[in-house]
Amino acid sequence: MIGSMDSPPDAPGAARRIAHYLLERRLGAGGMGEVFLARDLALGRPTALKLLPEGFDPELRQRLLREARTCARLQHPAVATFYDAGEAEGVAFIAMEYVEGRTLRERLRAGPLATADALGVAACLLEALAHAHAAGILHRDIKPENVMITAQRQAKLLDFGLAKELDEEQATLVTGLSMAATRTQMTGAGVLMGTPGYMSPEQLRGEALDGRSDLFALSAVLYETLSGRPAFPGRTLAQRM
């Protein structure tokens, strides 16, 4: 999970406690709730804690549980480590490794990366994807916001909130590797599961997906990392699509 050092402190949440986690500061927020830097009081380590918003839709809880099950299957140096999941006083949460650094999006505000640095980051992401795909998991939302730069030429892939299990009944061969296919879905009225500008054409069309869709998104990220500009720019959603 994101552990950007550029994130401002959030004093109101500093004293709040969820289970055995003491919230210290807010790191960010999204459609799946808020993320806090928390102290694991049982083990004495920093943790990134994702909390569902109060009065959350039951569907969000199911998605959070799916994310927890997905993350629990992944153990790789280039993927943020899953710690714990649960519910306390009506608040559902996921506890993940707190990754220090800054997101690739934050880094790109200073301009493109040197070629060697960009390729180092891409290599880390490819290793993360190889591990996830071998575990039967498709990320579906690779973008600079979900990549944490941890050191020069080192990165971790974050946020498997939109990840989906690959359907082994629809297996296909990709560059000599057996990769299964899944079908992307839309939530609500026309809301895509993913981020336009990084989604593959088949993902935008709601067709069956396999590991090549993640590789397409990673390629778009690499293009932006090297050039400093989006591979598929546009001021509107339609233009990016």
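What you are looking at is a predicted structure, and each value in this text was computed from that prediction instead of being measured.

### What about the overall build of the protein chain?
Logical step 1: Across its full length, the protein chain carries 6 helices and 16 strands.
Logical step 2: Counting over 241 residues, the protein chain shows a buried share of 48%.
Logical step 3: Sequence separation of at least 24 residues holds for 58% of the intrachain contacts in the protein chain that already meet a minimum separation of 6.

### Re helix H1 (residues 58-72)
Along an α-helix, residues three or four positions apart point the same way, because every turn accommodates 3.6 residues.
Logical step 1: Along its 15 residues, H1 runs 21 Å from first to last C-alpha, staying within 8% of the 21 Å computed at 1.5 Å per residue.
Logical step 2: Where H1 is concerned, the buried positions are Leu60, Arg63, Leu64, Glu67, Ala68, Thr70 and Cys71. Looking down the long axis of H1, one finds its buried residues gathered within 165° of arc, a one-sided arrangement.
Logical step 3: On its buried side, H1 packs onto strand S4 (45-51), strand S5 (82-88), strand S6 (91-97) and strand S8 (137-138).

### Thoughts on the pairing of strand S3 (residues 33-40)
Logical step 1: Here S3 lies mainly inside the structure; 6 of its 8 residues are buried.
Logical step 2: When S3 meets S4, the two strands line up antiparallel, connected through 7 bridges. Residue pairing for S4: Leu37 is matched across the bridge by Ala48.

### Comments concerning the confidence of the model for the protein chain
The predicted coordinates ought not to be read in detail in places where the model reports low pLDDT.
Logical step 1: Here the protein chain shows a mean pLDDT of 83. Residues at 70 or above account for 80%.
Logical step 2: Note on residues 4-14: pLDDT under 50 across the span, and 26 contacts to partners over four residues away in sequence or across chains.
Logical step 3: Within the model, pLDDT remains below 50 along residues 183-189, and this stretch shows 20 contacts once partners closer than five positions in the same chain are excluded.

### A closer look at helix H5 (residues 211-227)
Logical step 1: Helix length check: H5, at 17 residues, gives a terminal C-alpha distance of 25 Å against a target of 24 Å (1.5 Å per residue), a fit within 8%.
Logical step 2: Gly211, Ser213, Asp214, Ala217, Leu218, Ala220, Val221, Glu224 and Thr225 are the residues of H5 that are buried.
Logical step 3: Just downstream of H5, Gly228 is the residue with a positive phi angle, here 85°.

### Here we look at the nonpolar core
Logical step 1: Membership of the largest hydrophobic core comes to 40 residues, with the highest contact counts inside it found for Leu104, Val121, Val147, Leu157 and Phe160.
Logical step 2: Counting only elements with at least two residues in this core, the list comes to H1, S6, helix H2 (104-108), helix H3 (115-134), strand S9 (147-151), strand S10 (154-157) and H5.
Logical step 3: Apart from residues lying up to four places away in sequence, Phe160 is in contact with Glu67, Thr70, Cys71, Leu74, Val79, Ala132, Ile137 and His139.

### Quick notes on the pairing of S6
Logical step 1: A large share of S6 lies buried, amounting to 7 of its 7 residues.
Logical step 2: Of the pairings in the sheet, the one linking S4 to S6 comprises 5 bridges and is antiparallel in character. Across the sheet, the residue bridging to Leu49 is Ala95, located in S6.
Logical step 3: Of the strand pairs in this sheet, S5 and S6 are connected by 6 bridges, and their pairing is antiparallel. For Gly86, the partnering residue across the bridge sits in S6 and is Phe93.
Logical step 4: Hairpin remark: S5 followed by S6, antiparallel, with 2 residues in the connecting loop; positive phi at Glu89, about 50°.

Calculation notes
Residues numbered from 1 in each chain as written. Predicted model: local features only at pLDDT ≥ 70, side-chain atom pairs only at ≥ 80, totals over all residues. Heavy atoms only, no water. Helix = DSSP H or I, 4+ residues; strand = E, 2+ residues; numbered from the N terminus. Buried < 20%, exposed > 50% of the residue type's maximum accessible area, 1.4 Å probe, protein only. Contact = heavy atoms within 4.5 Å. Expected span 1.5 Å × (residues − 1). Arc of directions from axis to C-beta. Pairing = 2+ DSSP bridges. pLDDT = per-residue confidence, 0-100. Core = buried A, V, L, I, M, F, W, Y, C linked by side-chain atoms within 4.5 Å.

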